[in-house]
Amino acid sequence: FLICGGMIPFAFAAMTMKSVGLAAMEMVMEVQRQFDEKPHLLDENPTERPDYDACIAISTKASLKEMVPPGAMVIFTPLLTGIFFGVTAVSGLLVGSLIASVQLAISMSNSGGAWDNAKKYIEKQSPDSELKGKGSDIHKAAVVGDTVGDPFKDTSGPALNIVMKLMAVLSLVFADTFYAINDGSGILKLA
């Protein structure tokens, strides 16, 4: 269960990164729709206003809908582990999850920040420098890196703190229940 616990933060981070990508693509499609329907939005002094409410609705709905699967995984994994496999299994699950979450959160936050800073650094360079500044192929590559880095540092990295807390608190709250099932051995009595 140590390895199973260690896999949870990686699965959680993958789910949240995918969610950010899906929500961003939905937002891009909405903005494109608005530009197609109201071409004057692209004018220097537009006569029409964008539909901000549609974009806010997309963001709100996506943030709520997309967090259900990762949240359910974090909530139900320790509960089902404790009920079926007992207290020792939950302990291993929590230790694996905690160790992997700390490492992954630090790594994601730092690497996301590094990608962001690399892009900003390249943008400050002049066109005749080695990095060729804004608009160069190097800058385009840095923008792609920053596109990955933003969800790292803004979504998945910080959310892993909640993964650690939620799993630990749920396990503590249900500890008496886990002990009550076959003296802490779980329904399957494997320990």
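Residues numbered from 1 in each chain as written. Predicted model: local features only at pLDDT ≥ 70, side-chain atom pairs only at ≥ 80, totals over all residues. Heavy atoms only, no water.

Core analysis: the largest hydrophobic core is formed by 14 residues, its most contacted members being Ile 8, Phe 12, Met 108, Leu 160, Val 163 and Met 167. Looking at this core, the elements that each hand over two or more residues are helix H1 (2–37), helix H3 (68–85), helix H4 (87–124) and helix H5 (137–173). The element that contributes the greatest number of residues to this core is H5, accounting for 5 residues. Every residue in contact with Met 167, bar those within four places of it in the chain, is listed here: Ile 8, Val 74, Pro 78, Leu 93, Leu 94 and Ser 97. (Core = buried A, V, L, I, M, F, W, Y, C linked by side-chain atoms within 4.5 Å. Buried < 20%, exposed > 50% of the residue type's maximum accessible area, 1.4 Å probe, protein only. Helix = DSSP H or I, 4+ residues; strand = E, 2+ residues; numbered from the N terminus. Contact = heavy atoms within 4.5 Å.)

Quick look at the packing of aromatic side chains now. Under the counting rule described, the total for this entry stands at 2 aromatic pairs. Ring centres of Phe 1 and Phe 85 lie 4.9 Å apart, and the angle between their planes is 50 degrees; on these two criteria the pair is classed as tilted. Highlighted residues: Phe 1 in the segment before H1 and Phe 85 in helix H3, separated in sequence by 84 residues. Judged by relative accessible area, which is 39%, Phe 1 ranks as partly exposed. (Phe/Tyr/Trp six-rings, centres within 6.5 Å; stacked < 30°, edge-to-face > 60°.)

The next point concerns the pattern of salt bridges. Counted under the stated rule, the structure contains 6 salt bridges. Residue Glu 37 pairs with Arg 33 through a salt bridge whose shortest N-O separation is 2.6 Å. Of this pair, Glu 37 and Arg 33 both sit in helix H1, 4 residues apart, which is roughly one turn of the helix. A residue is classified by how much of its surface remains accessible, and Glu 37, at 52% relative accessible area, is exposed. For Arg 33, a relative accessible area of 32% corresponds to the partly exposed category. Ionic pairing is found between Asp 116 and Lys 120, a salt bridge with its closest N-O pair at 3.2 Å. Of this pair, Asp 116 and Lys 120 both sit in helix H4, separated by 4 residues, roughly a single helical turn. (Salt bridge = Lys/Arg side-chain N within 4 Å of Asp/Glu carboxyl O.)

For Val 169, the location among the structural elements is in helix H5. Using a relative accessible area of 48% as the deciding quantity, one classes Val 169 as partly exposed. Through-space distance from the C-alpha of Val 169 to that of His 139 is 44 Å; in sequence the pair is 30 residues apart.

A separate point is the packing of H1 against H4. With their axes 6 Å apart at the nearest point, H1 and H4 run at an angle of 40 degrees to one another. Viewed along their axes, H1 and H4 adopt a mutual orientation that is oblique. In the crossing of H1 with H4, the sense of the turn from one axis to the other is right-handed. In this structure, H1 uses Leu 2, Cys 4, Gly 5, Gly 6, Ile 8, Pro 9, Phe 10, Ala 13 and Met 17 to contact H4, whose residues at the interface are Gly 92, Leu 93, Val 95, Gly 96, Ser 97, Ala 100, Ser 101, Gln 103, Leu 104 and Met 108. Here the contact of H1 with H4 is composed, by residue class, of 12 nonpolar, 7 polar and no charged. (Axes fitted to C-alpha atoms, helices over the stretch in contact; angles between N-to-C directions. Parallel < 35°, antiparallel > 145°, perpendicular 65-115°, else oblique. Left-handed = near helix turned anticlockwise from the far one by under 90°. Nonpolar A, V, L, I, M, F, W, Y, C, P; charged D, E, K, R; others polar.)

No statement about biological role is implied by the geometric values presented.
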